[in-house]
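Residues per chain, in single letters:
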Amino acid sequence: HIEIFKRIGFNDHMEVINMMLGKLLENLQVWGHNSMVVKETLHLLGIIIHGTSGEGTLSMLLEIETIKGLMKNHAAVSSSFLNYPANAKNRTNYYLTITQLFLLEEDDAEASGSFETFLEPTITTLVQLKNTANLRTDEARFAIIGVARDLRGIACATDGKLFHVLFDMMFPACQNVFARCLECWADDPAVCIAVLKMWMEIASNARNRISFDAGIPAGLVIFKELAMTIIVYCRYLLSKGPNSGGMDPYNNRYKCIGICMLSMTLALSGEYVGFGAFSMYGDSVVEDVFKLIVQVGLSMPQNDILAYHKVAISFYSCIEAMFKHAISIVIGLETVEVTQILQIVYNGLTNALHPSVHVMCASTIESFAIFLFRTSKRRSSLAVRMRLHLEQVPTLLGDLQLVLLKQVIFNDVVGLELLAFPLLSLILAAETTFTAVTNEFVARQSQQGGLCLMEALKLLMQDVNKNLEGFNRGKFIKNVERFRAELKDVRDVLVV
């Protein structure tokens, strides 16, 4: 290719790549008013940067003058196309792509200060918003959406070192700014989506990046800032009541609820927050945010939760994470809320069309059943309170046992282990209930179906002990496989 480069006036491939990148950045400056050109330009820029492979190639890319200039002075490029509201959605990709370049540097971006310099314009905008008395203006709205989308892209690309720099730049300098923004703009879906999606990204412990010095309360700070923003939004939703007729429920309500619930899922599963620390020192933020999250989640009709797939994934993943990582918080809710949650889990396992919802419901039931089994003889405050909750829905355990048994028999899509383990936990937690439920189920069958089902049920707990250890669960799985095989030829005649 060297001869071709010379004929068109270039000395080597570096000049060719530099020319290509220069043209892309020129597109952003000249065609900023055309969102389609901007979108396709950023897409190609991302492919060039994200798609490179091999250490030699990466080093070569960082030696190009256009790339050096972009990393040192991204504002010169972005000032043109980012001033157009139509390009708001493109901001995230732009900043994600540039941040990715800092990960390619051989020099330590944290030690060199280059990433801190890169963040300064964004942090300056945040500080300006914090110091603005009236955020209910068009200029402030544009700045809020823009900086939230920028931060989302930056956070998405960071590893541990870069995330630490981002955290140090944001806090405490920009503390509470986004909660204030939503206090002013909770009625505007565009602002809420931008801000809440940004927090969803920051709350993610991707690549274990929220891992700080033991003396830095980073996890607590991140969670509290996230929680305060969600609390503001949830209180607004509850004050407005159910979705008004004629309005699009997804875009006006459910989408943001889903983002809030996914953010809580990430905070719980990230395991970087000791939630008990808040209540120990008199801070009710944990109780407040989870209570409000549950309330807005339960404000959605059950049929709507299952009808909107993204909403279902958000809702059931949050419930699964709460039962798995913080069941004490669930038990601390009001009885009506706890029983409603469990009934919606039952409904999801019974009626959901997507296998992932079945999996999350089964996992939730397993965490719930394990708690019941291991505390059945205990008198701790949590155990007593959970039993009081269940007294209000005396048939619930049997309903959950039966729906899991039916899933084992009829569901060929979800993995058998995912259904069998929660079933074992539920059987051990309420053996008498399981006997009564299966007797009723057998009684509803035809003579042939009833006899086959009765014989197959004898296999389930054969040689299984009353514990949840791995070896015992393994024996139960083998029994379940035999149970299902025994019923294979009569499944079509069984009455569901």
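To be clear, the structure that these remarks concern was listed above.
The residue numbering used here restarts from 1 in each chain and proceeds along that chain's sequence as written. Where totals are concerned, whole chains, interfaces and linings use all residues; where local detail is concerned, this predicted model gives features only for residues with pLDDT of at least 70, and gives and counts side-chain atom pairs only at 80 or more. Side-chain descriptors were evaluated using all non-hydrogen atoms of the structure, hydrogens and water having been removed beforehand.

**Focus: the side chain of Ser263**
Under the DSSP-based scheme used, a helix requires at least four consecutive residues in state H or I and a strand at least two consecutive residues in state E, with every element numbered from the N terminus. Inspection of the secondary structure assignment puts Ser263 in helix α15 (residues 249-270). Type-normalised accessible area, obtained with a 1.4 Å probe on protein chains alone, sets the label of each residue: buried when under 20%, exposed when over 50%, and partly exposed for intermediate values. For Ser263, a relative accessible area of 1% translates into the label buried. What makes two residues a contact is simply this: any of their non-hydrogen atoms within 4.5 Å. Setting aside chain neighbours within four positions, we find Ser263 in contact with Leu196, Trp199, Met200, Ala203, Leu226 and Ile230.

**Some points on helix α13 (residues 189-202)**
To estimate how far a helix should reach, multiply one less than its number of residues by 1.5 Å. The terminal C-alpha atoms of α13, which comprises 14 residues, lie 20 Å apart, in line with the 20 Å expected from a rise of 1.5 Å per residue. Burial analysis of α13 places 11 of its 14 residues in the buried class, the great majority of the element. Listing the buried residues of α13 in full gives Val191, Cys192, Ile193, Ala194, Val195, Leu196, Met198, Trp199, Met200, Glu201 and Ile202. Structurally, α13 contributes buried residues whose contacts are with α10 (138-157), α11 (160-170), α12 (177-185), α14 (218-240) and α15.

**Brief notes about the packing of helix α19 (residues 309-325) against helix α22 (residues 355-375)**
Note on definitions: angles span 0 to 180 degrees between N-to-C directions of axes, and those axes are lines fitted to C-alpha atoms, for helices only across the stretch in contact. Orientation of α19 relative to α22, taken along the N-to-C sense of each, is 20 degrees, at an axis distance of 9 Å. Judged by the angle between their axes, α19 and α22 are roughly parallel. For the pair α19 and α22, the crossing hand works out as left-handed. Contacts between α19 and α22 involve His309, Ala312, Ile313, Tyr316, Ser317, Ile319, Glu320, Phe323 and Lys324 on the former and, on the latter, Ser356, Val357, Met360, Cys361, Ser363, Thr364, Ser367 and Phe368. Residues are grouped as follows: Ala, Val, Leu, Ile, Met, Phe, Trp, Tyr, Cys and Pro are nonpolar; Asp, Glu, Lys and Arg are charged; every other residue, Gly included, is polar. Class assignment of the residues belonging to the contact of α19 with α22 gives a composition of 9 nonpolar, 6 polar and 2 charged. We call two directions roughly parallel when the angle between them is under 35 degrees, roughly antiparallel when it is over 145, roughly perpendicular when it lies between 65 and 115, and oblique otherwise. Should the near helix be turned anticlockwise from the far one by less than a right angle, the crossing is termed left-handed; should it be turned clockwise, right-handed.

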